Amino acid sequence: MVGLCVVVLGRIFYLQIIQYETYASLGEENSIRQEYVSPARGLVYDRNGILIIDNEPIFSITVTPAKFDKDKIPLLANLLEVEDSVIVERINEAQRYSWYRTSPLLTDVNFETFSLIQENIWQLPGIGHQIESKRHYPTNMKASHIFGYLREADRSDYEKSTDLRLGDKIGKSGLEMVYEDALRGDLGVEFLKVNAYGQSLGSYEGERSPQNPIQGSNIITTIDSELQSFVEVLMQGKIGAVVAMNPRTGEILSLVSSPNYDVNKLAGRLDRDYWAHINSDSTRPLYNRALSSRQPPGSTFKPLMGLIGLHLGYLNSETTVKNIGGYRRGRVYRDIAPLGDYNLEKAITFSSNTYFYSLMDRIATQGDFNKWSKLVKDFGLGVPNAIDLPSATEGIIPDSSYMDRRFGKRQWGLGDLINLGIGQGVISVSPLQIAQMTSTIANGGYRIRPHLVNSIQNGDGSVQYTPVVYEKIDWAKPEYLELVKRGMHGVVQEGSGRFYAKTDLVDIAGKTGTAQNPHGFSHGWFTSFAPYNDPEIVVTVFLENAGFASISAAPIASLVIEKYLNKEIKRRNVYNYVMNWVPKVDNSQGAAE
């Protein structure tokens, strides 16, 4: 017995005295926990300095798989009010990422749940918490297709990055995705003293130095939040898109795709029922119609056709074509404009199909089809768009190679090309592209790059400004542009746009258009700029299944222009008309567009 006591005392003496420094340092290691501190994501402002995206704090429960006792899964699931399978799935995911690193288990838990976890933390080894943040949207505008949303980084994301951890949220669409690197910021590190149950005893102050997180950069957008909110109200209950931009700078003032979705429900912990709903909704609220929709431009294409005809020498200001109710070329191509003689200006104002059928006929038969295609692309149609949002379509502007691929060599002919003259047939564009085309006409022939961010403000005080990028289209001569603009002015003064777009409050020029729809009512277009003599804004409206554009799309565009330039709406009758508008009959083929 005495011998045993001597052995035990000897061992205690060896461990506590001789090996003190070794085991003291190991003990310290066991009582210190390294935690990553998420940085605050950068803030987002509108063009007038109004805060449109900020952050609000949330509680997240974490797990360190190597320390967690899986026998505690039922208790943990009960406290968090989720199924056991959810906890199992999240812990397995954390294990695949790292056994020893702390990973998020469940984000955005309410304070009551957080408190229950803290009260029971002594029973939950390996469980901890972090105070993180989620996006908050303090204005009335939704702007879902502009903002985008955050989602947890998946395995492919964090395997490609040294900065991402399991559970980190990154931008998956919109500005949040395009400017992810600027907005995210840099992780911080802190060291906590913990007891045997893993409970925090406060910050560790020793040789290890914490590293403060660095907040993400702030972004100043080009968006006018008041205008954006107004346009969203106008588009309630409608399917389509509106793009408003400054034709001189390319700044997007408002961009609305309708229907939209509620970004608040995609902030913090994902609302899976809502996510399933918007993914299965037949109206496709996640689809950005302003950038991604591909539709025939209809008669909004006629002003560009006129410019091309002038440049190629097929037209001059006096060239006239007689409308007898249609254009005959093998068959009759219908024209519902008033009968009579048309020059270019009048043909744009009253939307004579015959005039542009005739023009496209001459372009095609004289072997200038490919030249036509190139000239159209100079205006930003049928080519990639460099806007700082994802999923902008190129659209389709055909040339002979495209027609060969689509129909086969020598399997297409003049009959497939004549419709292109009125923006129908094998041609498709997005509302953004028509807005860019209209801006080029309005600003004197400069193809301007559209963008949504004016500047990025970094934490060190430096500012990165977005340059105005433009290219002069030399063949678009001032006299050509002036002739086309007069025709567009006539559309509003005496043509189909006069019903709702003509007003003494602001001088508007524009062009209506119809995109034929084999599955229902025709789609309506209206593209416009104002003031006519010194354009400050371009507004393009596209409405699906709207019928005649002059009574569907044009009123919306005129209100957007009035609101932006005059800061108020005085034409309450037009506003009430738009708010109560529903397509009752497809009369788009009953009058000229």
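Along each chain, the written sequence defines residue order, and numbers are assigned to residues from 1. With the structure being a predicted model, the display of local features is reserved for residues of pLDDT at least 70 and the display and counting of side-chain atom pairs for 80 or more, all residues being used for whole-chain, interface and lining totals. Just so you know, side-chain values use all the structure's heavy atoms and leave hydrogens and water out.

1. Quick notes on the pattern of salt bridges
Each salt bridge in this description consists of a side-chain nitrogen of Lys or Arg and a carboxyl oxygen of Asp or Glu lying within 4 Å of one another. By the definition in use, this model includes 22 salt bridges. Lys 172 serves as the salt-bridge partner of Asp 154, at 4.0 Å between the closest nitrogen and oxygen. Highlighted residues: Asp 154 in the loop between strand E6 (150-152) and helix H7 (155-159) and Lys 172 in the loop between strand E7 (169-171) and helix H8 (174-178), separated in sequence by 18 residues. The partner of Arg 184 in a salt bridge is Asp 181, and the shortest N-O contact between them spans 3.5 Å. Labels follow the DSSP assignment, with helices taken as runs of H or I lasting at least four residues and strands as runs of E lasting at least two, numbered in each case from the N terminus.

2. Observations regarding the sheet that holds strand E21 (residues 509-515)
Only strands that DSSP links by at least two bridges are regarded as paired with each other. On the basis of which strands lie adjacent, the open sheet formed by five strands has the order E12-E11-E23-E22-E21 and antiparallel pairing. Only two strands of the sheet have a single neighbouring strand rather than two, namely strand E12 (252-258) and E21. Each strand of the sheet is rotated relative to its neighbour by a mean of 5 degrees, with strand direction disregarded. Summarising the sheet, E21 and strand E22 (residues 523-530) pair through seven bridges and their orientation is antiparallel. What sits directly across from Ala 515, in E22, is His 523. In the packing of helix H19 (residues 478-493) onto the sheet, the strands contacted are E21 and E22, and the crossing angle to E21 comes to about 75 degrees. Here the axes come from fitting lines to C-alpha atoms, over the contacting stretch only for helices, and the angles between their N-to-C directions go from 0 to 180 degrees. Residues are treated as being in contact if the distance between any of their heavy atoms lies within 4.5 Å.

3. A look at a nonpolar patch on the surface
Residues enter patches when they are more than 30% accessible in relative terms and free of salt bridges; like-charged ones are connected within 9 Å and nonpolar ones (Val, Leu, Ile, Met, Phe, Trp, Tyr) within 5 Å. For every accessible area listed, the method is Shrake-Rupley and the probe measures 1.4 Å; residues are considered covered only by the protein chains on display. Together, Tyr 446, Val 468 and Tyr 470 make up a nonpolar patch on the protein surface, roughly 290 Å² of accessible area in all. If you trace the backbone, Val 468 turns up in the loop between strand E19 (463-465) and strand E20 (470-472).

4. A closer look at empty space enclosed by the protein
Using a 1 Å grid laid over the protein atoms alone, points where a 1.4 Å probe fits but cannot get out form a cavity; open sets with protein on both sides within 12 Å along at least 5 of 7 lines form a pocket; any residue with an atom within 4 Å of a point counts as lining. Grid points are joined across faces, edges and corners, and a volume is the space filled by probe spheres set on the points. Per the counting criterion, the structure on display carries one cavity of 30 Å³ or more. Ala 143, Ser 144, His 145, Ile 146, Gln 228, Glu 232, Leu 255, Val 256, Ser 257 and Asn 260 together form the lining of the largest cavity. If you list the elements that add at least two residues to the lining of the largest cavity, you get helix H6 (144-147), helix H10 (225-234) and E12. Throughout, the ten residues Ala, Val, Leu, Ile, Met, Phe, Trp, Tyr, Cys and Pro are labelled nonpolar, Asp, Glu, Lys and Arg are labelled charged, and all others, Gly among them, are labelled polar. Among the residues making up the lining of the largest cavity, the classes are represented as four nonpolar, five polar and one charged.

5. Section: the packing of aromatic side chains
Ring geometry is summarised as follows: Phe, Tyr and Trp rings, the Trp one being its six-membered ring, pair when their centres sit within 6.5 Å, and such pairs are stacked at plane angles under 30 degrees, edge-to-face over 60 and tilted between the two. The tally for this structure, following the rule as stated, stands at 18 aromatic pairs. Where Phe 379 meets Trp 475, the ring centres are 5.6 Å apart and the plane angle is 55 degrees; that geometry is what we call tilted. Taken together, the residues Phe 379 in the loop between helix H16 (369-377) and helix H17 (400-407) and Trp 475 in the loop between E20 and H19 connect sequence positions 96 residues apart. Each residue's exposure class comes from its accessible area (1.4 Å probe, protein chains only) as a fraction of the maximum for that residue type: buried when under 20%, exposed when over 50%, partly exposed otherwise. By relative accessible area, Phe 379 is classed as buried at 0%. Two conditions define a charge sitting above a ring: the NZ of Lys or the CZ of Arg must be within 6 Å of the ring centre, and it must be within 35 degrees of the ring normal. The ring of Trp 275 is capped by Arg 151, whose NZ or CZ atom sits 4.8 Å from the centre of that ring.

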